[in-house]
Amino acid sequence: MIQLQSYVCGNWNAGEGDPKPLHDPTTEAVLGEVRPGGVDFAAVLAHAREQGGPALRAMTFAERAAVLKGLAGVIHQHRDELIEIAGRNGGNTRGDAKFDLDGASGTLAFYAKLGSKLDGQHLLDGDVDQLGRTPRFSGQHLLVPRTGVAVHINAFNFPAWGMGEKMACALLAGVPVIEKAGHASAMLAHRIAQLVVESGILPEGAFQFLPGSVSGLLDLLGPQDTVAFTGSAKTGALIRGNQNLIARNVRVNVEADSINSAVLGPDAELDSDTREQFLGNVAIDMTQKAGQKCTAVRRIFVPEDMVDEICEELQARLEGTAIGNPLDTNHRMGPVASKAQFDDVRGGIDQLAAVAEIVTGGSEPHSTPGYFVKPTLLRAKDGSAAILHELEVFGPCATVIPYSGDAAEVVELVNRGGGSLVASVYSDDKRFVETVVRGLAPWHGRVWLGSEKTMGQALGPGAVLPGSIHGGPGRAGGGEELGGLRGLMPYLQRTAIQGDRAVLTRIFGGGES
Ligand code: NAP
């Protein structure tokens, strides 16, 4: 049995307090434990602020980019070992684990490449603007690293990617990170932390790792610090409401849960590539990582006259999914990550079943032992039932909701989700697509368009790509991550420098805009 440790102040710390077990969700066996307390958070913050921050800020963007490249290499070199851990502690199939791990190394590599093209220790934001009667008195917006720490609170479902994508942006910006792992799958994050520390790639104090509780840490943060949280809307609201964070205007970015949608256009004929793309993506989204993706589709909007055949098609695909021990490469779907998830998902299916009929699956376990849930497709009896648009069942479960085929109607229904990470739209009718995109954009972080022309060209809507933003308004947390250089903004301070144009050019002219 493995005892997970924190990496703080340059040492591994076994923690204190009652141990919290870590399970193999396939067998329910205990694999390890975490002792939640015993970390001196004031010392952790001082270590990051006094050692990690100054060391990172002394480097140029390009030098920090080289560090990210090294970190991507570390994860990639240990890929097979990490896939095995993700299978045992996270219930991930090999494909699921690669999605997480390659997402982490790919995002680090993306930011390494982006940063390698940036010179110096600051970024310019926009051009020099004349502010006085003559160009002599001018202004220039500058972006500089903040002098605090980045506290990253990660969800259990992407232990590698979640940590990697946040680290990439903060470290490239020049800000030291403190990574809190989600409990259920913390063994993978812990092993990555060990590899990062062993690699010696990062300056001391630039990376600290906490698998236990962060209770009390947020109360010590100050105005130069940033909190980036990923998890449930409930925990997100608790963090946002922290009195110290409010009082000291600590930056907080929240990536929360989301009732994502797929919309099939009325023109998507039987056997068309567009419909095929829709069916394939929905089935993958529902079963990949056993549906435990923040971007997974939860609501499937289908024109009324196509609902019967779409339900039949999806049922066949879902019932054909081989479910079982994720370490067996014949299996395409493993268990959900924990007993708490198992109970939550089954309870959620029962709640949805009050307003929708079950097409396939249901809340009965797929098999025992283990936390195996059946892929569950429901068909709404009444598409306006509030629970369909409000309850996130974080597992292999989604509901088909009929609509008339009218673009304005489907926009109104989708936006009842209150703000989502992603909606996908499958249609080759340009007028339908335009109306839907314009209607959905204010309520979504991302709108993904499927069509005949993009068939086979793109990763599905569930994939988060570092060049595009990830996040969403309202229910989805109101946050924004990634999106190229936009992802660095939570960690940089934008300052307008006003004065003699010649001085501005001499001091700051070497930066990038
Ligand atoms: P969670 O229960 O909200 O936990 C998220 C993180 O917050 C964990 O590290 C957790 O630690 C920590 N935490 C819990 N209570 C806290 C508190 N009072 N103060 C500070 N930290 C606290 O969510 P989860 O079950 O891990 O993740 C599933 C949810 O995340 C789903 O709803 C999913 O939609 C959402 N999600 C969103 C995104 C996105 O990008 N928008 C991505 C992935 C997942 P412990 O695990 O130790 O309790």
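Residues numbered from 1 in each chain as written. Predicted model: local features only at pLDDT ≥ 70, side-chain atom pairs only at ≥ 80, totals over all residues. Heavy atoms only, no water.

A.B. asks: It is not clear to me how the sheet that holds strand E7 (residues 137–145) should be interpreted in this structure. Could you clarify?
C.D. replies: Sheets are built from strands that pair by backbone hydrogen bonding, the pairs being arranged parallel or antiparallel. Spatial ordering of the open sheet is given by E6-E7-E22, a layout of 3 strands whose pairing is antiparallel. The sheet is open, and its two edges are formed by strand E6 (123–130) and strand E22 (492–500), each paired on a single side. Adjacent strand axes in the sheet meet at a mean angle of 15 degrees when their direction is disregarded. As judged from the 9 bridges shared by E7 and E22, these two strands associate in the antiparallel manner. Note that in E22 the partner of Leu143 across the bridge is Arg494. (Pairing = 2+ DSSP bridges. Helix = DSSP H or I, 4+ residues; strand = E, 2+ residues; numbered from the N terminus. Axes fitted to C-alpha atoms, helices over the stretch in contact; angles between N-to-C directions.)

A.B. asks: Which parts of the structure should I look at to understand the nonpolar core?
C.D. replies: In summary, soluble globular proteins display a tendency toward joint burial of nonpolar side chains. Membership of the largest hydrophobic core comes to 61 residues, with the highest contact counts inside it found for Leu68, Leu71, Leu101, Leu171, Ile192 and Phe207. Every element with two or more residues in this core is listed here: strand E5 (30–34), helix H2 (61–77), helix H3 (79–90), helix H4 (94–116), helix H5 (161–173), helix H6 (186–199) and strand E10 (207–210). It is H5 that provides the largest number of residues to this core, a total of 9 residues. Apart from residues no more than four positions distant in its own chain, Phe207 is found in contact with Tyr7, Met167, Val177, Glu179, Ala193, Val196, Val197 and Leu202. Counting 32 residues, the second-largest nonpolar core is a separate cluster that includes Val345, Ala380, Ala385 and Val393. (Core = buried A, V, L, I, M, F, W, Y, C linked by side-chain atoms within 4.5 Å. Buried < 20%, exposed > 50% of the residue type's maximum accessible area, 1.4 Å probe, protein only. Contact = heavy atoms within 4.5 Å.)

A.B. asks: What should I look at first to understand the domain arrangement of the protein chain in this one?
C.D. replies: Quoted interface sizes are often the accessible area lost when the parts come together. Under the domain assignment used here, the protein chain contains domain 1 (42–257 + 479–508) and domain 2 (260–418 + 420–465). Here the C-alpha centroids of domain 1 and domain 2 sit 31 Å apart. Contacts between domain 1 and domain 2 engage 21 residues on the former and 23 residues on the latter. When domain 1 packs against domain 2, close to 1,700 Å² is buried across both sides, 65% of that on carbon and sulfur atoms. The interface formed by domain 1 and domain 2 contains 0 salt bridges. Linking domain 1 with domain 2 are 4 residue pairs in polar contact (both at pLDDT 80 or more), by the criterion used here. Mapped onto the side of domain 1 that touches domain 2, the elements with two or more residues apiece are H3 and H4. Looking at the side of domain 1 that touches domain 2 element by element, the count peaks at 5 residues for H3. A class-by-class count of the residues in the side of domain 1 that touches domain 2 yields 7 nonpolar, 7 polar and 7 charged. (Domains from an automatic or database assignment. Buried area = accessible area lost by both parts, 1.4 Å probe. Salt bridge = Lys/Arg side-chain N within 4 Å of Asp/Glu carboxyl O. Polar contact = N/O pair within 3.5 Å; in protein donor to acceptor, adjacent residues only side chain to side chain. Nonpolar A, V, L, I, M, F, W, Y, C, P; charged D, E, K, R; others polar.)

A.B. asks: Even after reading the chapter, I still don't get a negative patch on the surface, so can you show me in this structure?
C.D. replies: Among the surface-exposed residues, Asp273, Asp428, Asp429 and Glu452 lie close enough to one another that they form a single negatively charged patch. With respect to the helices, strands and loops of the structure, Asp428 is situated in the loop between strand E18 (420–426) and helix H14 (430–440). For Asp428, a relative accessible area of 33% puts it in the partly exposed group. (Patch = residues over 30% accessible without salt bridge, like charges linked within 9 Å, V, L, I, M, F, W, Y side chains within 5 Å. Areas by Shrake-Rupley, 256 points an atom, 1.4 Å probe, with all protein chains shown as cover. Lys, Arg positive; Asp, Glu negative; His and termini not counted. Charge placed at Lys NZ, Arg CZ, Asp CG, Glu CD.)

A.B. asks: Mind showing me how you'd approach the site of the ligand here?
C.D. replies: Every one of the 25 residues lining the ligand counts as a neighbour, but Asn154, Ser232, Thr235, Glu392 and His470 are closest to it. Separating an oxygen atom of the ligand from a side-chain N or O atom of Ser232 is a distance of 2.6 Å. Between an oxygen atom of the ligand and a side-chain N or O atom of Thr235, the distance comes to 2.6 Å. Here the ligand, which alone exposes 900 Å², has 80% of that area covered by the protein. (Near = heavy atom within 4 Å.)

A.B. asks: So what exactly am I meant to see when it comes to the environment of Leu31 here?
C.D. replies: Here Leu31 lies in strand E5. A relative accessible area of 15% means that Leu31 is categorised as buried. Between the C-alpha atom of Leu31 and that of Gln3, which follows or precedes it by 28 residues, the distance is 9.0 Å. The contact partners of Leu31, leaving out residues within four places of it in the chain, are Met1, Ile2, Leu22, His23, Asp24, Arg88, Asn89 and Met187.

A.B. asks: I tried to follow unusual backbone geometry on my own but got confused; where do I start?
C.D. replies: Among all residues except glycine, the phi angle is most often negative; among peptide bonds, the trans geometry is most common. Across the junction of Thr368 and Pro369, the peptide omega takes the value -5 degrees, indicating a cis bond. By the element assignment, Pro369 lies in the loop between strand E15 (356–360) and strand E16 (376–380). The residue Asp271 is not glycine, and still its phi comes out positive at about 70 degrees. Within the secondary structure, Asp271 is located in the loop between strand E13 (260–264) and helix H9 (273–287). Here the phi dihedral of Lys289 falls at roughly 50 degrees; this positive angle occurs in a residue that is not glycine.

A.B. asks: What am I meant to see in the packing of H4 against H5 here?
C.D. replies: Angle between the axes and distance between the axes are the two parameters that describe a pair of packed helices. At a closest axis distance of 7 Å, the pairing of H4 and H5 adopts a crossing angle of 15 degrees. As judged from the angle between their axes, H4 and H5 are roughly parallel. For the pair H4 and H5, the sense of crossing is right-handed. Mapping the contact onto sequence places Asp100, Gly103, Ala104, Thr107, Leu108, Tyr111 and Gly115 in H4 and Trp161, Gly164, Glu165, Ala168, Cys169 and Leu172 in H5. Here the residues of the contact of H4 with H5 sort into 7 nonpolar, 4 polar and 2 charged. (Parallel < 35°, antiparallel > 145°, perpendicular 65-115°, else oblique. Left-handed = near helix turned anticlockwise from the far one by under 90°.)

A.B. asks: Honestly, the pairing of E10 in this entry has me stumped. Any pointers?
C.D. replies: On a regular strand, one side chain projects to one face of the sheet and the next to the other, so that they alternate. Side chains Phe207 and Phe209 of E10 all project onto a buried face; the interleaved residues Gln208 and Leu210 project onto the opposite face, where all are buried too. Pairing geometry for strand E9 (residues 177–180) and E10, over 4 bridges, is parallel. Its bridge partner being in E10, Ile178 is matched across the sheet by Gln208. Traced from E9 through H6 to E10, the parallel crossover comes out right-handed. (Right-handed = clockwise from strand over helix to strand, strands pointing away.)

A.B. asks: What exactly am I supposed to notice about the environment of Glu204 here?
C.D. replies: For Glu204, the position within the fold is in the loop between H6 and E10. Looking at Glu204, the relative accessible area reads 34%, which means it is partly exposed. Sequence separation between Glu204 and Ala48 is 156 residues, and the spatial gap between their C-alpha atoms is 8.3 Å. Setting aside chain neighbours within four positions, we find Glu204 in contact with Tyr7, Cys9, Gly10, His47, Gln51 and Gly52. Side chain to side chain, Glu204 and Tyr7 meet in a polar contact 3.1 Å long. Here the side chain of Glu204 touches Gly10 through a polar contact of 3.5 Å, landing on its backbone nitrogen.

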